[in-house]
Amino acid sequence: MSASPSVIRQYLESSNPDVQQIGFDHLINALNAGTVRAASRRRDGTWEAHAWVKKGLLYGFRAGHLTKIDAAPAPFFDKHTFPLRPIEIRDNIRLVPGGSSIRTGCYISPDVICMPPMYINTGAYVDEETMVDSHALVGSCAQVGKRVHISAATQIGGVLEPPGALPVIIEDDCFLGGGSGIYEGCIVREGAVLAPGVILTKSTRLYDLVHERILEPGEVPTGAVVVSGSRKQSSSFALEHGISTYTPVIVKYRDARTDAATELESALRQSI
């Protein structure tokens, strides 16, 4: 049974290493149970990073020593403070054989499907009925909502430092196409669809063809359908050589047709 978040925080902020270790143990249990998160959504829809949680995880890396962690088909060699996350049949998580790993200190909701090989790092939160497909990464402290499809080879970036930095946020009912990448604390709002190969960072502007506007980097609007596009460069050298640079582009917002496509994926996951 884990202590309350306020008590855990007090333990971690103690100057006594033994008390800090107790706080870390409680933090890992709370993260595994989903009662503590590295970031949470406020009532107004904005997200808040909880720096003390990430500081606690960083303490675990400092305090840990290299050890052998027995697992099939081969052992791991990692900090003793971050073994594999314990999973039981009663957790109702489908972890399919074939080389996947889930590090301790992250919440995996019932009805999540993990297809091999994939990796979920410490501090992450993956909500119910989400599918993490093959070769996908859910990075440290990333927050993933309900009914999200994380397609094959998708990379959701992680962040532990600086502790106050917002992690990547993927809200409910999003569809992330194969090979897409979301990094640097970007937020993908509810119901958005990323086509295969779309890359989002905090320095990548998003061009909205529907509303004819340029969005500041870091957030995909609710229901947006984003594809990979290009933008011509205006320097004489670029014009001479026909150089364009990559940019993500909103080409539409979700409608019944888009929803039908994602419903097909939902049906497929039931039959895998």
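For the structure itself, look to the data block above.
Cut-offs applied
Residues numbered from 1 in each chain as written. Predicted model: local features only at pLDDT ≥ 70, side-chain atom pairs only at ≥ 80, totals over all residues. Heavy atoms only, no water. Helix = DSSP H or I, 4+ residues; strand = E, 2+ residues; numbered from the N terminus. Rg over C-alpha atoms; globule rule 2.2 N^0.38 Å. Buried < 20%, exposed > 50% of the residue type's maximum accessible area, 1.4 Å probe, protein only. Contact = heavy atoms within 4.5 Å. Areas by Shrake-Rupley, 256 points an atom, 1.4 Å probe, with all protein chains shown as cover. Lys, Arg positive; Asp, Glu negative; His and termini not counted. Charge placed at Lys NZ, Arg CZ, Asp CG, Glu CD. Salt bridge = Lys/Arg side-chain N within 4 Å of Asp/Glu carboxyl O. Axes fitted to C-alpha atoms, helices over the stretch in contact; angles between N-to-C directions. Left-handed = near helix turned anticlockwise from the far one by under 90°. Nonpolar A, V, L, I, M, F, W, Y, C, P; charged D, E, K, R; others polar. Pairing = 2+ DSSP bridges.

Focus: the overall build of the chain
Right, so step 1: Of the regular secondary structure elements, the chain holds five helices and 26 strands.
Right, so step 2: Taking 19 Å as the expected radius of gyration for a compact globule of 272 residues, we find that the chain reaches 20 Å, a close match to that expectation.
Right, so step 3: Principal-axis analysis of the C-alpha atoms gives the chain an extent of 65 × 45 × 40 Å.
Right, so step 4: Every one of the 272 residues in the chain was classed for burial, and the buried ones make up 47%.
Right, so step 5: Sequence separation of at least 24 residues holds for 38% of the intrachain contacts in the chain that already meet a minimum separation of 6.
Right, so step 6: Entry remark: accessible area of the chain is about 13,500 Å², with carbon and sulfur atoms responsible for 53%.
Right, so step 7: Separation between the mean location of the 26 positive side-chain charges and that of the 29 negative ones in the chain comes to 3 Å.

A closer look at the environment of proline 167
Right, so step 1: Inspection of the secondary structure puts proline 167 in the loop between strand E15 (155-156) and strand E16 (169-170).
Right, so step 2: Along the backbone, proline 167 and cysteine 106 are 61 residues apart, and their C-alpha atoms lie at a distance of 14 Å.

Remarks on the pattern of salt bridges
Right, so step 1: Evaluation of the coordinates by the stated rule reveals 11 salt bridges.
Right, so step 2: Residue glutamate 13 is joined to arginine 9 by a salt bridge in which the shortest nitrogen-to-oxygen separation is 3.2 Å.
Right, so step 3: Using a relative accessible area of 56% as the deciding quantity, one classes glutamate 13 as exposed.
Right, so step 4: Residue arginine 189 pairs with glutamate 219 through a salt bridge whose shortest N-O separation is 3.0 Å. With arginine 189 in the loop between strand E19 (187-188) and strand E20 (193-194) and glutamate 219 in strand E24 (residues 219-220), this residue pair connects regions lying 30 residues apart in the sequence.
Right, so step 5: Here the residues in one salt-bridge network are Arg41, Glu171, Arg189 and Glu219, joined through shared partners.

A word on the packing of helix H1 (residues 5-12) against helix H2 (residues 17-33)
Pairs of packed helices are described in terms of their axes, by the angle between the two and the distance that separates them.
Right, so step 1: Relative to each other, H1 and H2 sit at 145°, their axes nearing to 7 Å. The handedness of the crossing between H1 and H2 comes out as left-handed. In contact with Ile8, Tyr11 and Leu12 of H1, H2 contributes Val19, Gln20, Ile22, Gly23, Phe24, His26, Leu27 and Ala30.
Right, so step 2: Here the contact of H1 with H2 is built from residues that sort into eight nonpolar, three polar and no charged.

With respect to the side chain of serine 100
Right, so step 1: Structurally, serine 100 is set in the loop between strand E5 (94-95) and strand E6 (101-102).
Right, so step 2: For serine 100, a relative accessible area of 17% translates into the label buried.
Right, so step 3: Apart from the residues lying within four places of it in its own chain, the contact partners of serine 100 are Leu95, Met115, Pro116, Pro117 and Met118.

Things to note about the sheet that holds strand E8 (residues 113-114)
Right, so step 1: Pairing within the open sheet is mixed, and its 10 strands lie in the order E5-E8-E11-E14-E17-E20-E25-E26-E22-E23. At either end of the open sheet lies a strand with only one pairing partner, and these are E5 and strand E23 (213-215).
Right, so step 2: Pairing of strand E25 (residues 224-232) with strand E26 (residues 244-253) involves nine bridges; the strand directions are antiparallel. Counterpart to arginine 231 in the pairing with E26 is threonine 245.

Considerations on the packing of H2 against helix H3 (residues 51-63)
Right, so step 1: Between H2 and H3, whose axes approach to 10 Å, the crossing angle comes to 115°. You can see that H2 and H3 cross each other, and the crossing is left-handed. Counting all contacts with H2, which are made through Pro17, Gln20, Gln21, Phe24, Leu27, Ile28 and Leu31, the residues of H3 involved are Trp52, Val53, Gly56, Leu57, Tyr59, Gly60 and Ala63.

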